[in-house]
Amino acid sequence: MASFTASSLSFSPVSCSFKQNKVSSLNKASLSFSGKGFASQRLPALRFRVSCAAKPETVKKVVEIVRKQLALPDDRDVNGESKFATLGADSLDTVEIVMGLEEEFGISVEEENAQSITTVQDAANLIEQLLEKK
């Protein structure tokens, strides 16, 4: 599943064109519009962030591992947006969470990737990426 976030603009009457160029593995997009009352405008290339959300069952497993590692009570709300630091994890806890994820999912997380994990969703997304490469 992919998610896409952008602001919505509405012009009337306006003709709008969207052009997408693929440059190696990066996508580049430009947007231009013209219409009555508007001088023809061309906006600079826009950058879009498209992220693939992990499967709900992967997020659920990560939540379970985080709960266990941090000894969180069952009534503590933990979901994809939960930040490890907000849940009380220090750097050692985070390392232990990553080790638990590696063991549970049979993956190996590089140190640079481990340092970029700050939320449950980040961890689940990384797991999905690593599993796809297997």
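Here the structure is shown first, and the text comes after it.
Notes on the structure follow. (Residues numbered from 1 in each chain as written. Predicted model: local features only at pLDDT ≥ 70, side-chain atom pairs only at ≥ 80, totals over all residues. Heavy atoms only, no water.)

Quick notes on the overall build of the protein
Step number 1: Secondary structure summary: the protein contains 4 helices and 5 strands in total.
Step number 2: Going from the N terminus to the C terminus, the protein shows its helices and strands as β-β-β-β-β-α-α-α-α.
Step number 3: For the protein, with 134 residues in total, the buried portion stands at 30%.
Step number 4: Nonlocal contacts in the protein, meaning residues at least 24 apart in sequence, comprise 47% of its contacts between residues at least 6 apart. (Helix = DSSP H or I, 4+ residues; strand = E, 2+ residues; numbered from the N terminus. Buried < 20%, exposed > 50% of the residue type's maximum accessible area, 1.4 Å probe, protein only. Contact = heavy atoms within 4.5 Å.)

Description of the packing of helix H1 (residues 56–70) against helix H2 (residues 91–105)
Step number 1: H2 packs onto H1 with a crossing angle of 135° between their chain directions and a minimal axis gap of 10 Å. Relative to H2, the element H1 is oriented oblique. The two elements H1 and H2 meet at a crossing, and its hand is right-handed. Judged by residue contacts, Thr 58, Lys 61, Val 62, Ile 65, Val 66, Gln 69 and Leu 70 of H1 engage Asp 93, Glu 96, Ile 97, Gly 100, Leu 101, Glu 104 and Phe 105 from H2.
Step number 2: Within the contact of H1 with H2, the residues separate by chemical class into 7 nonpolar, 3 polar and 4 charged. (Axes fitted to C-alpha atoms, helices over the stretch in contact; angles between N-to-C directions. Parallel < 35°, antiparallel > 145°, perpendicular 65-115°, else oblique. Left-handed = near helix turned anticlockwise from the far one by under 90°. Nonpolar A, V, L, I, M, F, W, Y, C, P; charged D, E, K, R; others polar.)

Some details on the nonpolar core
Nonpolar side chains in soluble globular proteins generally cluster together in the buried interior.
Step number 1: The biggest cluster of nonpolar side chains holds 26 residues, and the ones touching the most others in it are Val 62, Val 66, Phe 84, Leu 101 and Val 120.
Step number 2: Among the elements of the structure, H1, H2 and helix H4 (120–133) are those that each provide at least two residues to this core.
Step number 3: Discounting residues that sit within four places of it in the chain, Leu 101 has contacts with Val 62, Ile 65, Gly 106, Ile 107, Ala 123 and Ile 127. (Core = buried A, V, L, I, M, F, W, Y, C linked by side-chain atoms within 4.5 Å.)

Let's talk about a nonpolar patch on the surface
Step number 1: Taken together, Leu 92, Val 95 and Met 99 make up a surface patch of nonpolar side chains, about 290 Å² in accessible area.
Step number 2: By the element assignment, Val 95 lies in helix H2.
Step number 3: For Val 95, a relative accessible area of 45% translates into the label partly exposed. (Patch = residues over 30% accessible without salt bridge, like charges linked within 9 Å, V, L, I, M, F, W, Y side chains within 5 Å. Areas by Shrake-Rupley, 256 points an atom, 1.4 Å probe, with all protein chains shown as cover. Salt bridge = Lys/Arg side-chain N within 4 Å of Asp/Glu carboxyl O.)

A few points about the packing of H1 against H4
Step number 1: One can describe the packing of H1 onto H4 by two numbers: an axis separation of 9 Å at closest approach and a directional angle of 125°. Of the possible angle classes, the one that applies to H1 and H4 is oblique. Classified by chirality, the crossing of H4 by H1 is right-handed. In contact with Thr 58, Val 59, Val 62, Val 63 and Val 66 of H1, H4 contributes Val 120, Gln 121, Ala 123, Ala 124, Ile 127 and Glu 128.
Step number 2: Broken down by class, the residue content of the contact of H1 with H4 amounts to 8 nonpolar, 2 polar and 1 charged.

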